[in-house]
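# Fold and contact review
Here is how the chains run, residue by residue.
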Amino acid sequence: MFASIHSSPILFPNGIFSSAGGWSPLDTDRYQWLQVDLGSRKQVVSIVTQGRYSSSDWTSKYRLLYSDTQKNWRPYLQDGNIWTFEGNVNSEGVVRHELQHAILARYIRFIPLDWSREGRIGVRLELYGCSYWADVISFDGQGVISYRFRSKKMKIVKDVISLKFRTTARDGVLLHGEGQQGDYISLELRRARLQLSINLGSNQYGSIQGHTSVISGSLLDDDHWHSVVIERYRRNVNFTLDHHTQQFRTNGEFDHLDLDYEISFGGLPVSAKPSSGGRENFVGCMEGITYNGDNITNLVRRKKVDTSSFRNLTFSCTESNSSPVFFNSTSFLRLPGQSDSDTLSVSLSFRTWNPNGLLMFTALADGWVEVGLTEGKVTVYMNVTQRKNTRIDISSGSGLNDGQWHSVHLNALENYAMLTVDGDEASTVRTAIPIQIQTGGTYYFGGYFMHTNTRSSQRSFQGCMQMIHIDDHLVDLRAVEQGHIGTFENVSLDMCAIIDRCVPNHCEHTGRCSQTWDTFSCNCSGTGYTGATCHTSMYQQSCEEYKHQGKNSGSYWIDPDGSGSIAPFRVNCDMTEDNVWTTLKNNLSPQTSVTSADQEGKAVLQITYNVTDEQVLSVTGSAESCEQYVAYACRMSRLLNTPDGVPFTWWVGRANERHSYWGGSGPGIQKCSCGIEHNCTDPKHYCNCDADLKEDAGLLVYKDHLPVRQVVVGDTSRAGSEAKVTIGPLKCLGDRNYWNAASFTSPASYLHFPSFRGETSTDISFYFKTSSTHGVFLENLGTTDFLHIELRGSVILFSFDVGSERVELSVRSPVPLNNDQWHRVEAEKNIKEAVLQLNGQYREFRPSPPQGHTRLEFYSELYVGASSGQRGFLGCMRALKINGATFDLEERAKVTPGVNPGCQGHCSSYGMHCRNGGKCVEQYNGYSCDCSLTAYDGPYCTDDVGGYFETGTLVRYDFLPEVGPFALREVNSLSGVSVPSEANLTQEELVFSFSTSSTPSILVYISSRTQDYLAVVLRHNGTLQVRYSLGGLIEPYTIDVDHRNMANGQPHSVNITRNLREIRLQLDHYPVSTYTLPETSDTQFNLVKSIFLGKVFETGQIDPIIIERYNTPGFVGCLSRVQFNSVAPLKAALRSGLSTPVSTHGILVPSNCGASPLTISPMASASDPWHIEAAGAVFPFNEDKASDGGVDRNSAIIGGIISMVIFTVLCIMVFVIRHMFRHKGSYHTNEAKGAESADCADAAIIVNDPAFTETIDESKKEWFI
């Protein structure tokens, strides 16, 4: 600690130290400040504040300014903003702030912004830091420091150069070194920006260009100290300016910097080449100059280096004469001038980012004069009221709101006015004045807030001014500050707090940054990205994602890493099949002739894809597999030679690796497809072209080698040689990242990943599906920063910290989010805004707080799921991506208890247990069977739904009337059950079971609004009859099953299926019988109206035979499993919870009718990965239920004995057969399965290894010998 202020009677500017302890100014307003003189330049690293002792006085918010000279104050900046520190909330609490960047200065000013509402401004403060000393050298634009090397030539592989500089000039060379071979290094100011240029060497033909140039910083002519560090190792360079580091790699292929004789600081040396001329030397101060370990400033003080070019070498920094003034939107400066003068002369320099603003206003004796910025131009408006409001407008310059200093000089005298911008006399604008002006004597700068009728229409100026002259006299701003002349409002004197919000550029992906004084904006057009900072990709990550948005095959832009560094690129998406193929085309035409061999007899074909290696890798890396078709058509042009010989032709793939296998083969197998399959034209060769015949073609499928970038053909020099090469497009299947998923089966389960360093822009996206209403998706806890995404009912919540402020966004879904359907969450925070989006539709936006946008540093692990005892997410999550990087949920889930890789649940493995058309539904802890569209119930849709019909009982199911032109439609009822409407059918399926002992009766009758119908009846003798009446026939078409009595009290099943004229009928377990409707019969069942079970009660015309023969007294017995297409009328009648158009007359008693239930083998919990006994998970399978209705214990014993006998007989038969055929030379082998169908060991490996494209390594060639 080197400064402490508690209590003292010493006077400070604008305040005193109270005897009660601490500082409190006499006036409590926003113009108070406390200045601390540290005696010399010190490095301040932290500040501690406390309220005034035993009082109600404290400071709750404040800023810090610092300076070396008590002039040209600089505000403390953090994250690109003038930083506001959070102070105290009472008089005794201590608040400490560690400065993100140390302050190097002699004077510190404490500026209160907000204070105690109960008292006044008050503070006790302590500053912590350490001493600082450095040699300072003043440069006058003439002197140059020449540091000569110990040897004439230096060949340097590593450089470390550092210095600090301070200047008011916007151009000048800070250092320069060069060599005779063209190498050079140069650091110079250009328009107040720092440019580093390096060339490690270019060859004499110009094919290798080594010039590299990087620009950093802005507004560096602010007369404040700036630090520079250049670190180079070979071609890798770190360029740091004021704590902001740019990392880059120099162009060319050389690693050494070859310099001759010397390196100079402050300008170009006398020995510099003429081509290096034309650049200004540096004017200002430097300190702490070091070059590769040598302290140059110390050597200068000791006179160890050449300083002969200096006229007057000084080791102190000359104070600038300029004194800037800082204006905000409510500022003005009022200054006096000559009154009643016929000459008006005003000049000033300004810098701003705003295109509009008032620079100066003065009232004349008759009229007024206004100087302002309009759309980046300086404009002058003169209004002379003597001549009926004569208005004179002149303007000059353009783009003057670029943040640079610009000078303006307005001179009006006699009968003309002149406007000069930036001292360019040649561009001075002149205009005539109709009368002689007469000055009013008062000048307003920056704004005009007086209540007069001549109020300016210009908006206030935001920016800095200096060198203000009135009547050719420089205004003494020190006298203004002390109140001797003029007055001001909200003006900061001796300070220019301009900030370049576009440096560093927060617009990502080459977005163009523009700014005003308060904010910046990004133009993202042409970048492929969108959002406030061009962070969010406009395109989907893959063809797979386009397909699941309902897109068709075509050409699309994809961006596999989203907001990452890989730019979007165009591909072809083939979505015509179940699989999705991504295709990258190349420039090689099919059947390209091979010509122009080099001196070695090699012809080289280059293949380009219009995508970078990174873009190709982003596709192949996430694909399930890739392939590329290659073909070599030949005549007298051999391809691969022998498997052990030197190949004539090879191809070069990814990473410039050379490969000598061809299509249809694999790494390490120097054969063609015909050699693998043993069908080459000449069996002595392994390629057709090696016998100078035909063509060799096939697919290359080892994706780590693809794509083919070059083909080298070596046998084209013989007489009559001819070769044609075809390289097809690269095709890749699927996107594993899109389906990379994990299932969370317990509220306490989670995945954890190593902590990541966030950026000022952070984006998170993922898909989820769940049947739970609450849970934490992910969370990252840092020491100061926090990030959290959570599901709360129908709301997605996204919260994070920015500095000391917590920001929370929420999006509400109009539909439940626990509907076990996929939903997508996208969250982004950047320096401008925070955005939360659900399913690409529902969105909340919130501007980000102005402070606290440091790069997020999370020191804990990233938790996906539960953390710190909270309720975790239950369900499936996939495609988790943060800042463009996909998190591998599947791999981490494999080693994490309570989380399963993938999101298939059991439907892929155990979905067959959902019987009778039941649909398997994924759940986070298993699966269930949806039986809503079947005639069955139960956990696996195997429980019969049946009813016992007494005399006169009937069930009627009505289809909804047709409501549109389409024949087939479904309308959702209030219960969510879909109710089919009337339809015109060309095919239908009717399935049911029954048992009865009474005849005759109607089993099922299906009516229509026409005379069409379908009836299944039992005749008097107990035989079954099916009656079809579809129109076109005089009598209904009937199918009589005469060979057996079905009214025998036993359960029987009936399945009737019609497709146009073909009718298929199956009874019980007997073979299917096929019947055909007559040609004169119609094939359309028109406007199906109702389904009747047991009896018909219908208005309108009905077949009299149905009524007279079968409808009375009605069906008595059991009906079950009744289903007509997707309608289960009996189930609807027996399930009161279903809101369907079904009615029942008479007594209907639920019964399974004695039908044999369908059973499945029970699954033991030990083999069931979803069985979680501890968690109390409800699983649809129940072993007790599965055994209901099964056979008894004695039957099981008898069945087991029969099985053992059959097994014994089979074993004896196998032994006899093997003994009979042993003379045929059968033998055992350990080859891979499928070798028996392959022609050779190579083919067996390729055919049988499903992961061939993933596992083959060229270094393991012994696999293929």
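Just so we're clear, the structure is a prediction, and the values are computed from it rather than from any experiment.

## With respect to the overall build of the chain
What the chain contains, in helices and strands, is 13 helices and 87 strands. The proportion of buried residues among the 1265 residues of the chain is 51%. In the chain, 68% of the contacts between residues at least 6 apart in sequence involve partners at least 24 apart. Surface summary for the chain: the accessible area is close to 58,800 Å², and the carbon and sulfur share equals 50%.

## Section: the environment of Asp692
Looking at the secondary structure, you find Asp692 in the loop between helix H5 (673–677) and strand E51 (695–700). For Asp692, the contacting residues outside a window of four places in its chain are Met636, Ser637, Arg638 and Arg718.

## With respect to the pairing of strand E13 (residues 136–140)
Counting buried residues in E13 gives 4 out of 5 residues, a clear majority hidden from the surface. Here E13 pairs with strand E24 (residues 283–291) via 5 bridges, running antiparallel. Residue pairing in the sheet places Ile137 in a bridge with Met286 of E24.

## Considerations on the pattern of salt bridges
In the structure shown here, the tally under the stated rule is 42 salt bridges. Residues Glu722 and Arg635 are paired through a salt bridge, measuring 3.9 Å at the closest nitrogen-oxygen approach. Residue Glu722 is located in strand E53 (residues 722–733), and its partner Arg635 is located in strand E48 (residues 625–635); the two are separated by 87 residues in the primary sequence. Connected via shared salt-bridge partners are Arg41, Asp68, Arg166, Asp223 and Glu287.

## A closer look at the sheet that holds strand E81 (residues 1052–1059)
Backbone hydrogen bonds are what pair the strands of a sheet, in a parallel or an antiparallel way. Here we have 7 strands laid out as an open sheet, ordered E83-E82-E81-E76-E85-E72-E87, and antiparallel in their pairing. At either margin of the open sheet sits one strand with a lone partner, and together these are strand E83 (1073–1076) and strand E87 (1148–1150). Adjacent strand axes in the sheet meet at a mean angle of 25°, parallel and antiparallel pairs treated alike. Bridging between strand E82 (residues 1062–1067) and E83 involves 4 bridges; their strand directions are antiparallel.

## Here's the deal with the confidence of the model for the chain
The predicted model of the chain has a mean per-residue pLDDT of 83, with 83% of residues at 70 or higher. Looking across the chain, the model is least confident in helix H10 (residues 1183–1186), with a mean pLDDT of 35, and most confident in strand E20 (residues 226–233), with 96. Taken together, the stretch residues 451–456 has pLDDT below 50 and engages in 10 contacts with residues farther than four places along the chain or on a different chain. Ignoring residues within four places in sequence, the model shows residues 1156–1196, a span with pLDDT below 50, making 48 contacts including any to other chains.

## Quick word on the sheet that holds strand E17 (residues 184–190)
If you walk across this open sheet you meet the 6 strands as E14-E23-E16-E17-E18-E19, and the pairing is antiparallel. Because the sheet does not close on itself, it has two edges, and the strands there are strand E14 (145–156) and strand E19 (211–216). Averaged over neighbouring strand pairs, the angle between their axes works out to 15° when direction is ignored.

## Some remarks on the pairing of strand E33 (residues 416–421)
Across the 6 residues of E33, 5 count as buried, placing the element largely inside the fold. Pairing geometry for strand E32 (residues 406–413) and E33, over 6 bridges, is antiparallel. Bridge pairing in E33 links Leu413 to Tyr416. Adjacent in sequence and paired antiparallel, E32 and E33 are bridged by 2 residues, among which Glu414 carries a positive phi angle near 50°. The pairing of E33 with strand E34 (residues 429–432) spans 4 bridges and is antiparallel. Bridge pairing links Leu419 to Val429 in E34.

## Quick notes on the side chain of Glu790
You can see Glu790 is positioned in strand E58 (residues 786–792). Under the relative-accessibility criterion, Glu790 is labelled buried at 12%. A polar contact of 2.8 Å, which involves the side chain of Glu790, links it to the side chain of His788. Looking at Glu790, its side chain comes within polar contact range of the side chain of Arg792, at 3.4 Å. Setting aside its immediate chain neighbours within four residues, Glu790 contacts Gly775, Val776, Phe777, Val795, Ile796 and Leu797.

## Remarks on the side chain of Ser67
Mapped onto the elements of the fold, Ser67 is located in strand E6 (residues 59–67). For Ser67, a relative accessible area of 4% puts it in the buried group. Within polar-contact distance, the side chain of Ser67 engages the backbone oxygen of Lys71 at 2.7 Å. Setting aside chain neighbours within four positions, we find Ser67 in contact with Asn72, Trp73, Ala105, Arg106 and Tyr107.

## Examining the layout of surface pockets
For the second largest pocket, the calculated volume is near 850 Å³. Every residue lining the second largest pocket is counted, 34 residues in all, and those nearest its centre are Gln540, Glu545, Arg824, Glu826 and Gln837. Sorting the residues of the lining of the second largest pocket by element identifies strand E42 (536–537), strand E56 (762–769), strand E61 (823–829), strand E62 (833–838) and strand E65 (875–882) as the ones contributing at least two each. A total of 5 residues in the lining of the second largest pocket trace back to one element, the largest contributor, which is E61.

## Some remarks on unusual backbone geometry
With an omega of -10°, the peptide bond running from Thr999 to Pro1000 counts as cis. Relative to the helices and strands, Pro1000 is located in the loop between strand E76 (987–996) and strand E77 (1001–1008). In this structure, Pro1113 follows Thr1112 across a cis peptide bond, with omega equal to 0°. Along the chain, the position of Pro1113 falls in the loop between helix H8 (1104–1110) and strand E85 (1117–1124). Unusually for a residue other than glycine, Asp472 sits at a positive phi of about 65°. The exposed category is assigned to Asp472, whose relative accessible area is 58%.

## Considerations on empty space enclosed by the protein
The final tally for this structure, using the stated rule, is 5 cavities of 30 Å³ or more. Lining of the second largest cavity is provided by 13 residues; of these, Ser542, Thr582, Val619, Ser622 and Gly734 occupy positions nearest its centre. Ranked by residue count, the leading element in the lining of the second largest cavity is helix H4 (residues 613–622), at 3 residues. Considered class by class, the residues forming the lining of the second largest cavity number 6 nonpolar, 6 polar and 1 charged.

## Overview of the state of the cysteines
One pass over the full model with this rule turns up 13 disulfides. Between the sulfur atoms of Cys507 and its disulfide partner Cys522 the distance amounts to 2.0 Å. Every disulfide takes its handedness from the sign of the S-S torsion; for Cys507 and Cys522 that torsion is -85°, giving left-handed. Note that Cys507 is positioned in the loop between strand E38 (487–493) and strand E39 (512–515) and Cys522 in strand E40 (residues 520–523), a separation of 15 residues in sequence. Just as Cys507 is buried, Cys522 falls in that class too.

## A word on the environment of Tyr132
You can see Tyr132 is positioned in the loop between strand E12 (124–131) and E13. Residues Tyr132 and Val44, 88 residues apart in the sequence, show an inter-C-alpha distance of 9.7 Å. In contact with Tyr132, not counting residues within four places along its chain, are Arg41, Lys42, Gln43, Leu104, Lys164 and Glu287. One polar contact links Tyr132 to Glu287, side chain to side chain, over a distance of 2.6 Å.

## A word on the packing of aromatic side chains
For any pair of aromatic rings, the description consists of the separation of the ring centres together with the inter-plane angle of the planes. This model, assessed by the stated rule, comprises 34 aromatic pairs. Counting every residue linked through ring pairs, the aromatic cluster contains Phe744, Phe766, Phe768, Phe777 and Phe873. It is Lys832 that lies over the ring of Phe520; its NZ or CZ is 5.0 Å from the centre. Just above the ring of Trp822 sits the side chain of Arg878; from NZ or CZ to the centre is 4.4 Å.

## Some words on a nonpolar patch on the surface
There is a patch of nonpolar side chains on the surface, built from Tyr948, Ile1147 and Val1149 and spanning about 250 Å² of accessible area. Turning to its location among the elements, Val1149 is positioned in strand E87.

## A look at the environment of Lys881
Mapped onto the secondary structure, Lys881 falls in strand E65. Here the alpha-carbon distance between Lys881 and Tyr738, two residues 143 residues apart in the chain, equals 9.8 Å. There is a polar contact of 3.0 Å between the side chain of Lys881 and the side chain of Gln541.

Calculation notes
Residues numbered from 1 in each chain as written. Predicted model: local features only at pLDDT ≥ 70, side-chain atom pairs only at ≥ 80, totals over all residues. Heavy atoms only, no water. Helix = DSSP H or I, 4+ residues; strand = E, 2+ residues; numbered from the N terminus. Buried < 20%, exposed > 50% of the residue type's maximum accessible area, 1.4 Å probe, protein only. Contact = heavy atoms within 4.5 Å. Areas by Shrake-Rupley, 256 points an atom, 1.4 Å probe, with all protein chains shown as cover. Pairing = 2+ DSSP bridges. Salt bridge = Lys/Arg side-chain N within 4 Å of Asp/Glu carboxyl O. Axes fitted to C-alpha atoms, helices over the stretch in contact; angles between N-to-C directions. pLDDT = per-residue confidence, 0-100. Polar contact = N/O pair within 3.5 Å; in protein donor to acceptor, adjacent residues only side chain to side chain. 1 Å grid on protein atoms, 1.4 Å probe; cavity = no way out; pocket = protein on both sides within 12 Å on 5 of 7 lines; lining within 4 Å. Points joined across faces, edges and corners; volume = space filled by probe spheres on them. Nonpolar A, V, L, I, M, F, W, Y, C, P; charged D, E, K, R; others polar. Disulfide = S-S within 2.5 Å. Phe/Tyr/Trp six-rings, centres within 6.5 Å; stacked < 30°, edge-to-face > 60°. Lys NZ or Arg CZ within 6 Å of the ring centre and 35° of its normal. Patch = residues over 30% accessible without salt bridge, like charges linked within 9 Å, V, L, I, M, F, W, Y side chains within 5 Å.

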